[in-house]
Amino acid sequence: KQEVTQIPAALSVPEGENLVLNCSFTDSAIYNLQWFRQDPGKGLTSLLLIQSSQREQTSGRLNASLDKSSGRSTLYIAASQPGDSATYLCAVFTSGTYKYIFGTGTRLKVLA
Amino acid sequence: DTAVSQTPKYLVTQMGNDKSIKCEQNLGHDTMYWYKQDSKKFLKIMFSYNNKELIINETVPNRFSPKSPDKAHLNLHINSLELGDSAVYFCASSSGGGPDTQYFGPGTRLTVL
């Protein structure tokens, strides 16, 4: 059974800092992994989707890496801004299923 | 234009009542989903429909019944509401039924008193 964990659960950083969010999963037989952002009281927005054959994906200041064999992904945010404050969730699509399993989320606060 | 919309945004009701949440997507997607996010922010899939056909039915009490009148709509009806049903319910859609980018609605916060 796939389990997805995110560390840390919460993170507070000053503006301008580069930061790394971690996601780990127990079953490495995945199709892909998505990183989402959730603002308070809002739905989820997909940030990056990284296929199992890829090592990383980039979008603007965001870079997601995937190490499938070790069951890990990281989301790197460069030059953080207060507008980056949100909860970040990772989700994995495991082979043989038709669903994403979501992590527990990291609540990020970027201080001005 | 809103891609995935849900109504209502907030729903407060008494235990034992029956309520429905509606979802519509204008993305032309074939697959729609219902997720439940509990008080600890843990998000878990409940159902998915592909072209009006039920694909995923997780271990959800049969008081919850999804209905898909067409592939652009997936409604969730809940009978005999219980305190533990209080949560935020999200609708989502994707172009296929597999590992595709998912687009989420804004959520419906259900509070059962």
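Here we summarise the structure given alongside this text. (Residues numbered from 1 in each chain as written. Chains lettered and ligands numbered in written order. Predicted model: local features only at pLDDT ≥ 70, side-chain atom pairs only at ≥ 80, totals over all residues. Heavy atoms only, no water.)

### So, the pattern of salt bridges
Oppositely charged side chains are able to pair whenever their charged atoms sit close together.
Then, in step 1: Scanning the model with the defined rule gives 6 salt bridges over all chains in all.
Then, in step 2: Notably, a salt bridge pairs Arg37(A) with Asp39(A), separated by 2.9 Å at the nearest N-O pair.
Then, in step 3: Judged by its relative accessible area of 18%, Arg37(A) falls in the buried class.
Then, in step 4: Residue classification places Asp39(A) among the partly exposed residues on the basis of a relative accessible area of 24%.
Then, in step 5: Across the pair Asp85(B) and Arg63(B) runs a salt bridge, and its minimum N-O distance is 2.8 Å. Pair noted here: Asp85(B) is in the loop between strand S8 (73-78) and strand S9 (87-94) and Arg63(B) is in the loop between strand S6 (53-57) and strand S7 (64-70), with a separation of 22 residues, a long-range link.
Then, in step 6: Through salt bridges that share partners, Arg63(B), Glu82(B) and Asp85(B) make up one connected network. (Salt bridge = Lys/Arg side-chain N within 4 Å of Asp/Glu carboxyl O. Buried < 20%, exposed > 50% of the residue type's maximum accessible area, 1.4 Å probe, protein only. Helix = DSSP H or I, 4+ residues; strand = E, 2+ residues; numbered from the N terminus.)

### As for unusual backbone geometry
Then, in step 1: Here the residue pair Ile7(A) and Pro8(A) is connected by a cis peptide bond, since its omega of 0 degrees sits within 30 degrees of zero.
Then, in step 2: In this structure, Pro8(A) sits in the loop between strand S1 (4-7) and strand S2 (10-14).
Then, in step 3: Looking along the chain, the bond that leaves Thr7(B) and enters Pro8(B) is cis, with omega of 0 degrees.
Then, in step 4: Its place among the elements puts Pro8(B) in the loop between strand S1 (4-7) and strand S2 (10-13).
Then, in step 5: Although it is not a glycine, Ala79(A) adopts a positive phi angle of roughly 45 degrees.
Then, in step 6: Relative to the assigned elements, Ala79(A) resides in the loop between strand S8 (72-77) and strand S9 (86-94).
Then, in step 7: With relative accessibility at 36%, the residue Ala79(A) sits in the partly exposed group.
Then, in step 8: Even without being a glycine, Asn51(B) presents a positive backbone phi close to 50 degrees.
Then, in step 9: Here Asn51(B) falls in the partly exposed class, since its relative accessible area comes to 40%.

### Let's talk about the packing of aromatic side chains
Then, in step 1: Counting across every chain of the model gives 10 aromatic pairs over all chains.
Then, in step 2: With centroids separated by 5.5 Å and ring planes inclined at 85 degrees, the aromatic side chains of Phe102(A) and Tyr35(B) adopt a geometry described as edge-to-face. Placement of Phe102(A) in strand S10 (residues 100-102) and of Tyr35(B) in strand S4 (residues 31-37) is noted, with the two residues assigned to different chains.
Then, in step 3: Judged by relative accessible area, which is 0%, Tyr35(B) ranks as buried.
Then, in step 4: Seen in terms of ring centroids, Phe90(B) and Phe104(B) are 6.3 Å apart; in terms of plane orientation they differ by 75 degrees. Their pairing is edge-to-face. With Phe90(B) in strand S9 and Phe104(B) in strand S10 (residues 103-104), this residue pair connects regions lying 14 residues apart in the sequence. Comparing Phe90(B) with Phe104(B) shows no difference in burial state: the two are buried.
Then, in step 5: Pairwise contacts between aromatic rings join Phe36(A), Phe102(A), Tyr33(B), Tyr35(B), Phe90(B) and Phe104(B) into one cluster. (Phe/Tyr/Trp six-rings, centres within 6.5 Å; stacked < 30°, edge-to-face > 60°.)

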